[in-house]
Amino acid sequence: MAEVFCSEFVLGGQRSGKSRRAETIAMRWLSASPAHRAVTIATAQPWDDEMRERIARHQQDRAQRLPGMSTVEEPLALAEAVRQHSRAHTLVVVDCLTMWLTNLLMPMQGEPADPQGPVRALCEAVAAAPGPVVLVSNEIGWGVIPMGREVRAFVDALGHANQALAAVCPRATLMAAGLSLTLKDNHA
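So, a few notes on the structure that sits alongside this text. (Residues numbered from 1 in each chain as written. Predicted model: local features only at pLDDT ≥ 70, side-chain atom pairs only at ≥ 80, totals over all residues. Heavy atoms only, no water.)

Here we take up the overall build of the protein. Of regular secondary structure, the protein possesses 6 helices and 7 strands. Seen in sequence order, the protein has helices and strands lined up from the N terminus as β-α-β-α-β-α-β-α-α-β-α-β-β. Expected size for 188 residues packed as a compact globule is a radius of gyration near 16 Å; at 16 Å, the protein falls within 12% of this value. Overall size of the protein, expressed as C-alpha extent along the three principal axes, is 50 × 35 × 30 Å. (Helix = DSSP H or I, 4+ residues; strand = E, 2+ residues; numbered from the N terminus. Rg over C-alpha atoms; globule rule 2.2 N^0.38 Å.)

Structure follows, in C-alpha cells:
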C-alpha cells in the first residue's frame, strides 16, 4: 500500500526531533516518485555571529541529509512563500513557525506586527496548498509563566498560531526525545 502524504503540523520543544521528523517525511516523499520535489522555507534571520553559524550548519547538514531538497529563506512573508512554492508534486517544509513569529513580534528593527492577519493568511495558504506542507513549531507553553509583558504576549500568540495551524492540517504530531506521538490523523 502506498504511503499517504498530507499536510502535517509538527510540534515539540527545542531539540525534540521536530526538524528531523520533517526531513524524514521529505525523504520519504522524494523517494516515493522521481517527479516529487521538496523545498524548505527557512524563517531564521542571522542577527548575530552565533545565529549565522547555526544557520550555516543547518544548511550544510540539510544538504548532506537531503541533497534533493532546496531551501528558500523567508523570515516574514511566509504565506506568500507557501503559495509560491507549493505544487501538487512539491512537499513544502516550513522550519520554523516560532522563528517566523519572533520576526513578526520582536523585530530587530521597526515596529512589531499584529500576528492575527499573517497567521490567518498562512492558514489559508496551507489549506489551499496543492501539495503537502509540513509545519514545524515549538511548544513553549509548558514552562513557567514569563515575567515580562512582551514575552507573555509572545507565548500567547504562538499558542494561538499553533492551534490555528494544527486545525488546518490533517495530521498533527508531538515530538519529545526524538519520539513522535500522533495527536491527530484525519488522513489515515
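Looking now at the nonpolar core. Among the nonpolar cores identified, the biggest contains 32 residues, and Phe9, Val94, Leu97, Leu122, Val133 and Leu135 are the most heavily contacted of them. Among the elements that take part in this core, helix 6 (residues 149–168) stands out by supplying 6 residues, more than any other. Not counting chain neighbours up to four residues away, the residues in contact with Leu135 comprise Glu8, Phe9, Val10, Val94, Leu97, Val126, Leu165 and Cys169. Listed in part, the 15 residues of the second largest apolar core include Ala22, Ile25, Leu66 and Met69. (Core = buried A, V, L, I, M, F, W, Y, C linked by side-chain atoms within 4.5 Å. Buried < 20%, exposed > 50% of the residue type's maximum accessible area, 1.4 Å probe, protein only. Contact = heavy atoms within 4.5 Å.)

Summed over all chains, the structure comprises 1 aromatic pair. Between the aromatic rings of Phe5 and Trp29, the centroid separation amounts to 5.1 Å while the plane-to-plane angle is 85°, which identifies the pairing as edge-to-face. Placement of the pair is Phe5 in the segment before strand 1 (8–12) and Trp29 in helix 1 (residues 18–32), with a sequence separation of 24 residues. A single burial state applies to Phe5 and to Trp29, both of which are buried. (Phe/Tyr/Trp six-rings, centres within 6.5 Å; stacked < 30°, edge-to-face > 60°.)

Turning to the environment of Gly159, a few remarks are in order. Mapped onto the fold, Gly159 is located in helix 6. A relative accessible area of 26% means that Gly159 is categorised as partly exposed. Separated by 17 residues in the primary sequence, Gly159 and Ala176 have C-alpha atoms spaced 18 Å apart.

Another aspect to go through is the pairing of strand 4 (residues 90–95). Of all 6 residues that make up strand 4, 6 are buried, and the element is covered over most of its length. Side chains Thr90, Val92 and Val94 project from strand 4 onto one buried face, and the interleaved Leu91, Val93 and Asp95 project onto a second face that is buried too. The sheet contact formed by strand 2 (residues 37–42) and strand 4 spans 6 bridges and is parallel. Each residue of the ladder has a partner; that of Arg37, found in strand 4, is Thr90. Across 4 bridges, strand 4 lies against strand 5 (residues 133–138) in parallel orientation. Within strand 5, the position partnered with Asp95 by the bridge is Val136. (Pairing = 2+ DSSP bridges.)

For the structure on display, the rule yields 6 salt bridges. One salt bridge connects Arg54 with Glu50, and the closest N-O pair in it is separated by 3.0 Å. Linking Arg54 with Glu50, this pair stays in helix 2 (residues 49–65), spanning 4 residues, or about one helical turn. Residue classification places Glu50 among the partly exposed positions, given a relative accessible area of 42%. In this structure, the salt-bridge partner of Asp185 is Arg171, at a minimum N-O distance of 3.1 Å. Here the residue Asp185 occupies a position in strand 7 (residues 179–185), and Arg171 occupies one in strand 6 (residues 171–176), the gap between them amounting to 14 residues. A relative accessible area of 33% places Asp185 in the partly exposed class. (Salt bridge = Lys/Arg side-chain N within 4 Å of Asp/Glu carboxyl O.)

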